[in-house]
Amino acid sequence: MTRIIPVSPFDYVVFGGSGDLARRKLLPALFRRFADGQFDANSRVIGVSRGEVSQEEYRATAAKALSDHIPEAERPADLVDSFLRCVDHVALDVSSDEGWPRLAAALRDDTDRTRVFYLAVAPDLYGQICVGLGCAGLATPRSRVVLEKPLGYDLASAEAINGVVAGVFDEGQIYRIDHYLGKETVQNLMALRFANALFEPVWNSAHIDHVQITVAESIGMAGRANYYDRAGALRDMVQNHLLQLLCLVAIEPPASSAADALRDEKLKVLHALKPIEDDAANRLTVRGQYRAVEADKVSVPGYVDELGRPSNTETFVAIKAEVANWRWAGTPFYLRTGKRMARRVSEIVIQFRDIPHSMFELSAGRIVANRLVLRLQPDEAVQLFLMIKDPGPGGMRLRQVPLNLSFAETFGVRQPDAYERLLLDVVRGNQSLFMRRDEVAAAWSWIDPIRDSWERLGEPLHGYIGGTWGPSASIALMERDHRSWHDDGT
Ligand code: BG6
């Protein structure tokens, strides 16, 4: 049974209120929490955008966002109407001084209320918006600011943004969001590790051969050419989502669930990542870009066709990473992410080592090492692959089977979107699933040398056919170590 903890009325101000993220994720997530009774009609959602949009027009935009992204059966008309009555709009061009008094008027000088400023805009506007909020006197002690990823472009730009934001808000008011941390299975990774005695004794390099983290998407750059072509997969996915997943696999057990207890441990992992620079970048990383597919009446454009110009941006990256500490020395972490891959799947695979000695005859069959798979999406599940005896007479034959915990089948409830959890964590003032400034800096410090080495050494960009598992060089990255990617669910 899901437990709903209601929160006191708040004002949620979304900069970029008419943008893609607000329409696709933020408004639907807030509606879901409203529909579940987590907040009531005394709270307000204020969309901020440059256009002179009336309240009615903005409510129509919000209504469309809900109908586009929530199945009809899950949005009864009366609930939608009550939610929309909480929705307002303020026109504000953040580069001018003019709109701020309008925002102040909408916030009604109510300084005791929790205010959230969600910056769903390009990161180069973060500084300007925070300064604007500060100058307009809107950054009250009960205010919080949410920064979307990617935070900056590299360490220097991230630090510059963080520096300006820190001039207006305390670190305790800053929520750097990485929506992967709000995914149910990601939180289950912590439950699995730290609420069970079973795994912790074997959670180390003595028992784990390697870890694989795959975030594969079947979509291309999805109309975000301007942003994506500047970012590429390394900045867009690895610097944040994949490194955060790696951290949660690798951290030492935190002493408590306090936000900083967890974040301190993640920071230690980031600091323990062995730098990848110069020739190592060539050996330990693979960059790729999807190419067009023309086969059997199927025609899918390649990245440069979608972009309409040549580009050296990677849409795929695979990395063999090492966490150089006592627990993990000798256990590589293989990371892989890409657009237009064979299917959409995000998984963490913990591959255990082979048994040291087999008492079985060869005729019993091959003994396959245990493997724990946490599937983040789709179909959230935890699978533990074990060897068992093939049922029935006929002697001892061994076979590998998964112990399968499918969340949909076991709990029969809708899996909430990551944003639902995170948006309300901000209101509650819980920073556990948000990145601290030093974590973001440590992640960039590991990413920047990879990027620099790629540029300096002219690291090749391997083509891969859209709809596959990426360039063959990424398969070779594993095969060189006599390992393979967990692609086919076996
Ligand atoms: C975003 C990236 O952070 O995550 C996108 O900018 C990517 O490029 C998206 O598509 C993937 O999120 P999810 O939740 O669909 O796996």
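Keep in mind it's a predicted model, so treat the numbers as computed, not measured.

Here is what the cut-offs are and how they apply
- Note that residues are indexed from 1 along each chain, following the sequence as it is written.
- Reporting of local features is limited, given that this is a predicted model, to residues whose pLDDT is at least 70; pairs of side-chain atoms are given and counted only at 80 or more, and all residues count toward the totals for whole chains, interfaces and linings.
- Think of the side-chain values as coming from all heavy atoms in the structure, minus any hydrogens and water.
- Without a salt bridge and with relative accessible area above 30%, a residue can belong to a patch; like charges are then joined within 9 Å and nonpolar side chains (Val, Leu, Ile, Met, Phe, Trp, Tyr) within 5 Å.
- Surface accessibility in these figures is a Shrake-Rupley result with a 1.4 Å probe; residues are shielded only by whichever protein chains are displayed.
- By convention in these notes, a salt bridge is any Lys or Arg side-chain nitrogen within 4 Å of a carboxyl oxygen on Asp or Glu.
- Helix and strand assignments follow DSSP, with helices taken as H or I runs no shorter than four residues and strands as E runs no shorter than two, numbered in order from the N terminus.
- Exposure is judged per residue with a 1.4 Å probe applied to protein chains only, and the accessible area is read against the type maximum: over 50% gives exposed, under 20% gives buried, and values in between give partly exposed.
- In this description, a nonpolar core means a group of buried Ala, Val, Leu, Ile, Met, Phe, Trp, Tyr and Cys residues linked to one another through side-chain atoms lying within 4.5 Å.
- The contact definition used throughout considers only heavy atoms, calling two residues in contact when any of these lie within 4.5 Å.
- Axis angles are defined between N-to-C directions and span 0 to 180 degrees, where every axis is a line fitted to C-alpha atoms and, for a helix, only to the segment in contact.
- Note: crossing handedness is left-handed where the near helix turns anticlockwise from the far helix by less than a right angle, and right-handed where it turns clockwise.
- Residue classes follow a fixed rule: Ala, Val, Leu, Ile, Met, Phe, Trp, Tyr, Cys and Pro count as nonpolar, while Asp, Glu, Lys and Arg count as charged, and any other residue, Gly among them, counts as polar.
- Under the rule applied, a polar contact is a pair of N or O atoms within 3.5 Å (in protein, one hydrogen donor and one hydrogen acceptor; residues adjacent in sequence only if both atoms are side-chain atoms).
- One less than the residue count of a helix, multiplied by 1.5 Å, gives the span that helix is expected to have.
- Our arc is simply the arc of the directions from the helix axis toward the C-beta atoms.
- Two strands qualify as a pair provided DSSP detects at least 2 bridges between them.
- Being near a molecule or strand, for a residue, means having at least one of its heavy atoms within 4 Å of it.
- For classification purposes, an angle smaller than 35 degrees is called roughly parallel, one larger than 145 roughly antiparallel, one from 65 to 115 roughly perpendicular, and anything else oblique.
- Pairing of aromatic rings covers Phe, Tyr and Trp, the last counted by its six-membered ring, and requires centre-to-centre distances within 6.5 Å; plane angles under 30 degrees mean stacked, over 60 mean edge-to-face, and any other angle means tilted.
- Whether a charge sits over a ring comes down to the Lys NZ or Arg CZ being within 6 Å of the ring centre and within 35 degrees of the ring normal.

## Description of a nonpolar patch on the surface
Stage number 1. Together, Met359, Phe360 and Met396 make up a nonpolar patch on the protein surface, roughly 310 Å² of accessible area in all.
Stage number 2. Assignment of secondary structure puts Met359 in the loop between strand E13 (345-352) and strand E14 (371-377).
Stage number 3. Here Met359 falls in the exposed class, since its relative accessible area comes to 67%.

## Some remarks on the pattern of salt bridges
Stage number 1. Overall, the coordinates contain 38 salt bridges when judged by the stated rule.
Stage number 2. For Glu52, the salt bridge identified is with Arg102, shortest N-O distance 3.9 Å. Within this pair, whereas Glu52 is found in the loop between strand E2 (44-49) and helix H2 (55-69), its partner Arg102 is found in helix H4 (residues 100-107), the two being separated by 50 residues in sequence.
Stage number 3. Take Arg102: its relative accessible area is 41%, and that puts it in the partly exposed class.

## Considerations on the nonpolar core
Stage number 1. Core analysis: the biggest nonpolar cluster contains 142 residues, and Phe15, Leu103 and Tyr118 have the highest contact counts within it.
Stage number 2. In this structure, Phe15 is in contact with Val48, Leu92, Val94, Trp100, Leu103, Phe117, Tyr118, Leu119, Ala120, Val121, Ile129 and Leu133, ignoring residues within four places of it in sequence.

## What to know about the packing of helix H8 (residues 225-250) against helix H14 (residues 437-457)
Stage number 1. Two numbers describe how H8 lies on H14: the axes approach to 10 Å, and their chain directions differ by 145°. Between H8 and H14 lies a crossing whose hand is right-handed. Here Ala231, Leu234, Arg235, Val238, Gln239, Leu243 and Gln244 of H8 come into contact with H14, specifically with Glu439, Val440, Ala443, Trp444, Trp446, Ile447, Ile450, Arg451 and Trp454.
Stage number 2. Among the residues making up the contact of H8 with H14, the classes are represented as 11 nonpolar, two polar and three charged.

## Comments concerning the side chain of Ser453
Stage number 1. Within the secondary structure, Ser453 is located in helix H14.
Stage number 2. Judged by its relative accessible area of 1%, Ser453 falls in the buried class.
Stage number 3. Side-chain polar atoms of Ser453 contact the backbone nitrogen of Asp278, separated by 2.9 Å.
Stage number 4. With residues up to four places along the chain from it excluded, the contact list for Ser453 reads Ile276, Glu277, Asp278, Ala281 and Gly458.

## Notes on helix H6 (residues 155-166)
Stage number 1. In this model, H6 (12 residues) spans 16 Å end to end at C-alpha, consistent with the 16 Å of a helix rising 1.5 Å per residue.
Stage number 2. Considered for burial, the residues of H6 that qualify are Ala158, Ile161, Asn162 and Val165. Seen end-on, H6 carries its buried residues on one side only, within an arc spanning 95°.
Stage number 3. In this fold, the buried residues of H6 make contact with helix H5 (126-135), strand E5 (143-147), strand E6 (174-177) and H14.

## Remarks on unusual backbone geometry
Stage number 1. The step from Lys149 to Pro150 runs through a cis peptide bond, and the omega angle for that step is -5°.
Stage number 2. With respect to the helices and strands, the residue Pro150 is situated in the loop between E5 and H6.
Stage number 3. Between Gln377 and Pro378 the backbone carries a cis peptide bond, its omega angle lying at -10°.
Stage number 4. In this fold, Pro378 is placed in the loop between E14 and strand E15 (381-389).
Stage number 5. Despite not being glycine, Asp379 shows a phi value in the positive range, around 50°.
Stage number 6. Assignment of secondary structure puts Asp379 in the loop between E14 and E15.
Stage number 7. For His482, which is not a glycine, the phi torsion comes out positive at approximately 60°.

## Observations regarding the sheet that holds strand E3 (residues 87-91)
Sheet strands pair by backbone hydrogen bonding; their relative direction is either parallel or antiparallel.
Stage number 1. Across the sheet, seven strands lie side by side as E3-E2-E1-E4-E5-E6-E17; this open sheet has mixed pairing. In this open sheet, the two strands that pair with only one neighbour each are E3 and strand E17 (434-435).
Stage number 2. The pairing of E2 with E3 spans five bridges and is parallel. The residue of E3 that forms the bridge with Gly47 is His89.

## Side note on the site of the ligand
Stage number 1. The local shell around the ligand consists of Lys149, His179, Tyr180, Lys183, Glu217, Arg224, Asp236, Met237, His241, Lys339, Arg344 and Gln377.
Stage number 2. At 2.8 Å from an oxygen atom of the ligand is found a side-chain nitrogen or oxygen belonging to His179.
Stage number 3. The side chain of Glu217 places a nitrogen or oxygen atom 2.5 Å from an oxygen atom of the ligand.
Stage number 4. Computed on the free molecule, the ligand has an accessible area of 400 Å², of which 83% lies beneath the protein chains in the complex.
Stage number 5. The element best represented in the shell around the ligand is H8, accounting for three residues.
Stage number 6. Across the shell around the ligand, the residue classes break down as two nonpolar, three polar and seven charged.

## Here's the deal with the side chain of Arg436
Stage number 1. Here Arg436 is to be found in the loop between E17 and H14.
Stage number 2. On the accessibility criterion, Arg436 (10% relative accessible area) is buried.
Stage number 3. Not counting chain neighbours up to four residues away, the residues in contact with Arg436 comprise Glu171, Arg176, Asp260, Arg263, Asp264 and Leu267.

## Comments concerning the packing of H8 against helix H9 (residues 259-272)
Stage number 1. Running from N to C, H8 and H9 cross one another at 105°; their axes reach a closest spacing of 9 Å. In this view, H8 runs roughly perpendicular relative to H9, as classed from their interaxial angle. Facing H8, whose interface residues are Leu243, Gln244, Leu246, Cys247, Leu248 and Ala250, H9 presents Leu262, Lys266, Val269 and Leu270.
Stage number 2. Residues of the contact of H8 with H9, tallied by class, amount to eight nonpolar, one polar and one charged.

## Looking at the packing of aromatic side chains
A ring pair, where both rings are aromatic, is described by two values, the distance of the centres and the angle of the planes.
Stage number 1. Within the structure shown, the criterion is met by 14 aromatic pairs.
Stage number 2. Ring plane angle 55° and centroid distance 5.6 Å describe the contact between Phe34 and Phe83, whose orientation is recorded as tilted. Residue Phe34 is found in helix H1 (residues 20-35), and its partner Phe83 is found in helix H3 (residues 77-85); the two are separated by 49 residues along the sequence. Assigned by exposure class, Phe34 and Phe83 land together as buried.
Stage number 3. Here Trp328 and Phe333 contribute two aromatic rings whose centre-to-centre distance is 5.3 Å and whose plane-to-plane angle is 80°, an arrangement assigned as edge-to-face. Of the two residues, Trp328 and Phe333, both sit in the buried class.
Stage number 4. Through a chain of ring-to-ring contacts, the aromatic side chains of Phe10, Tyr12, Phe31, Phe34, Phe39 and Phe83 assemble into a single cluster.
Stage number 5. Across from the ring centre of Tyr180, 4.6 Å away, lies the NZ or CZ of Lys183, which sits over that ring.
Stage number 6. One cation-aromatic arrangement involves Arg336 over Trp485; the distance from NZ or CZ to the ring centre is 4.1 Å.

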